[in-house]
Amino acid sequence: MNHETQADCSGRSMSKHDQYQILDHIFDPVVIIEPDYTIAFANTNLVERLNMKRSEIVGKKCYELFQHSPAPCLEPCGPQVECGHKEVFRTGLPVIVHHVHYQPDGSMKYFENSCSPIVDDKGVVVSVLQVMRDQAEVKELRGEIEAIQSEYDSLCTSIPFAVSYLDRDMRIVFLNAGMEQLIGRKSDEVKGLFCYDVCGQYANDSSKRGRERICDTCRIDKVLIGGRIQTHERTIGGRIIEVTTSPVRDSHGDIIGALEVGQDITARSEAEAEMARSKEEWERTFNAFSDTVTLHWPDFEIIKINRAGCETLELSGGEIIGRHCYELFNGIDEPCSGCPLVETLKDFQPHSNEIRHEKLGKTFLVSAAPVLDAQGNLEYIANVAQDITKRKKM
């Protein structure tokens, strides 16, 4: 910018007055500073911000006005830059510095100063145009962002799950402390690496390359394409992990990555396996009895029957479950005479009795016993029917 005149787009020269008129309409505070630090121009925005007259600003030294100092600034304004004004005169190039400016009431504000050279027709720097941007809102916003980031980091650290954030290429963006502990690697160490190369099922398989190493149970592709939450199980370091993968979307709703949340379900899986083994063992034991063994609701409905019982009735389990014992064994619509289940229902004690089932043409020694819950309430009744027909004929 020429100190005296400046050509506009039509090629005509602009006077200093015209230039000042343009600067006066800039929203940010603007000053023009001479080589000796004297302020030659101050725009209306600065005048209003400082609540001073223009005549009280123009003619002052910049360090007197902004630093309340009798000498040029000594504090650094940026990396290896002590003063933007001095730097522009030294290099002839624009520079951006950050500076604390004192206000007339003694308070301080943080500004980003954009300092540009104004040159004469010979290209010599004759003054500096300084545009000042109040960074208070920026600093406040940055503080809010840092606070949110801190809360987010705290949440990710304290959450009792292993969390990883992956981009659309399945590169690791972030791991929380839980995931770091699970895979034995730090987030900064693996950031930018493909997840399948870091902790994948085939991470150590030298025979596979690139996406060949993606885990067999991985659901990320489905999440990135379909946008639906997916859950699967996989093993990491000998632990069984239930992984829930969710899409991460930008402000436009476009999928930009995936969030994987892993929960260690090893104990649960082991407990479920143990329960399955116990159930299997119980089923084998239940079916090993040669006598008919049934479990009943208090209304005499059969809820379970062993193999021997099915063979006695010549029916499948599906044809028996849900029907009443007296219907199946005796062909009647009420409890059999002398049925021990009736007595057990009265006093919650075991009872036995011989019963002749005419429908089957057999006599049974029937024993009934209550099965109670932890609070002593009746859950169901166990019933054992021993065929004693041959014994009775002897």
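Residues numbered from 1 in each chain as written. Predicted model: local features only at pLDDT ≥ 70, side-chain atom pairs only at ≥ 80, totals over all residues. Heavy atoms only, no water.

Asker: How should I be thinking about the nonpolar core in this particular structure?
Answerer: One broad rule of soluble globular proteins: the nonpolar side chains tend to lie buried together. Residues Met-170, Ile-172, Leu-175, Ile-183, Cys-195, Val-198 and Ile-220 are the most contacted members of the largest nonpolar core, which totals 20 residues. Those elements giving two or more residues to this core turn out to be strand E8 (162-167), strand E9 (172-175), helix H7 (177-183), helix H9 (195-198), helix H10 (220-226), strand E11 (239-249) and strand E12 (255-264). If sequence neighbours within four positions are ignored, Leu-175 has contacts with Val-163, Ser-164, Glu-180, Ile-183, Arg-185, Ser-187 and Val-190. (Core = buried A, V, L, I, M, F, W, Y, C linked by side-chain atoms within 4.5 Å. Buried < 20%, exposed > 50% of the residue type's maximum accessible area, 1.4 Å probe, protein only. Helix = DSSP H or I, 4+ residues; strand = E, 2+ residues; numbered from the N terminus. Contact = heavy atoms within 4.5 Å.)

Asker: Would you mind showing me how to read helix H11 (residues 266-288) here?
Answerer: The α-helix winds at 3.6 residues per turn, so residues separated by three or four positions along the chain end up facing the same way. In this model H11 runs 33 Å from its N-terminal to its C-terminal C-alpha over 23 residues, within 8% of the 33 Å that 1.5 Å per residue would give. Turning to H11, its buried residues are Thr-266, Ser-269 and Phe-286. Buried-residue contacts for H11 involve E11, E12, strand E13 (292-296) and strand E14 (302-305). (Expected span 1.5 Å × (residues − 1).)

Asker: Looking at this structure, I do not really get the sheet that holds strand E17 (residues 378-387). What am I missing?
Answerer: To summarise the sheet geometry, strands pair through backbone hydrogen bonds and adopt either a parallel or an antiparallel arrangement. Taken in spatial order, the five strands make up an open sheet running E14-E13-E17-E16-E15, and their pairing is antiparallel. Each edge of the open sheet is held by one strand with a lone partner, namely E14 and strand E15 (351-357). In this sheet, adjacent strand axes meet at a mean angle of 25° when their direction is disregarded. For E13 and E14, the ladder comprises three bridges, and the chain directions are antiparallel. (Pairing = 2+ DSSP bridges. Axes fitted to C-alpha atoms, helices over the stretch in contact; angles between N-to-C directions.)

Asker: I tried to follow the packing of aromatic side chains on my own but got confused; where do I start?
Answerer: Aromatic ring pairs: the centre-centre distance and the angle between the two ring planes describe each pair. Scanning all chains against the criterion turns up five aromatic pairs. Measuring from centroid to centroid gives 6.3 Å for Phe-329 and Phe-364, while their planes differ by 85°, and the two rings are edge-to-face. Residue Phe-329 is located in helix H14 (residues 325-330), and its partner Phe-364 is located in strand E16 (residues 362-372); the two are separated by 35 residues in the primary sequence. Assigned by exposure class, Phe-329 and Phe-364 land together as buried. Just above the ring of Tyr-202 sits the side chain of Lys-208; from NZ or CZ to the centre is 4.8 Å. (Phe/Tyr/Trp six-rings, centres within 6.5 Å; stacked < 30°, edge-to-face > 60°. Lys NZ or Arg CZ within 6 Å of the ring centre and 35° of its normal.)

Asker: Help me understand the pairing of strand E3 (residues 30-33) in this model?
Answerer: Note on strand geometry: in a regular strand, side chains alternate between the two faces of the sheet. Alternating residues of E3 divide into Val-30 and Ile-32 and Val-31 and Ile-33, and every residue in both groups is buried. Judged from the four bridges that link them, E3 and strand E7 (residues 125-134) form a sheet pairing that is antiparallel. Pairing of Ile-33 across the sheet is with Val-128, part of E7. Both E3 and strand E4 (residues 39-42) contribute to a ladder of three bridges, which runs antiparallel. Bridge pairing in E4 places Val-31 opposite Ala-42. Joining the antiparallel neighbours E3 and E4 is a turn of five residues, in which Tyr-37 adopts a positive phi near 75°.

Asker: How do you make sense of the side chain of Arg-234 when you look at a structure like this?
Answerer: Along the chain, Arg-234 turns up in strand E10 (residues 230-236). Excluding residues within four positions of it along the chain, Arg-234 makes contact with Cys-199, Gly-200, Gln-201, Cys-215, Thr-217, Arg-239, Ile-240, Ile-241 and Val-243.

Asker: Whenever I open this one, unusual backbone geometry confuses me. Can you help?
Answerer: Of all residues except glycine, most have a negative phi; of all peptide bonds, most are trans. We note that Tyr-37 has phi near 75°; this positive angle belongs to a residue other than glycine. In this structure Tyr-37 comes out as buried when scored by relative accessible area, which is 15%. Unlike most non-glycine residues, Phe-300 shows phi in positive territory, near 80°. Turning to its location among the elements, Phe-300 is positioned in the loop between E13 and E14.

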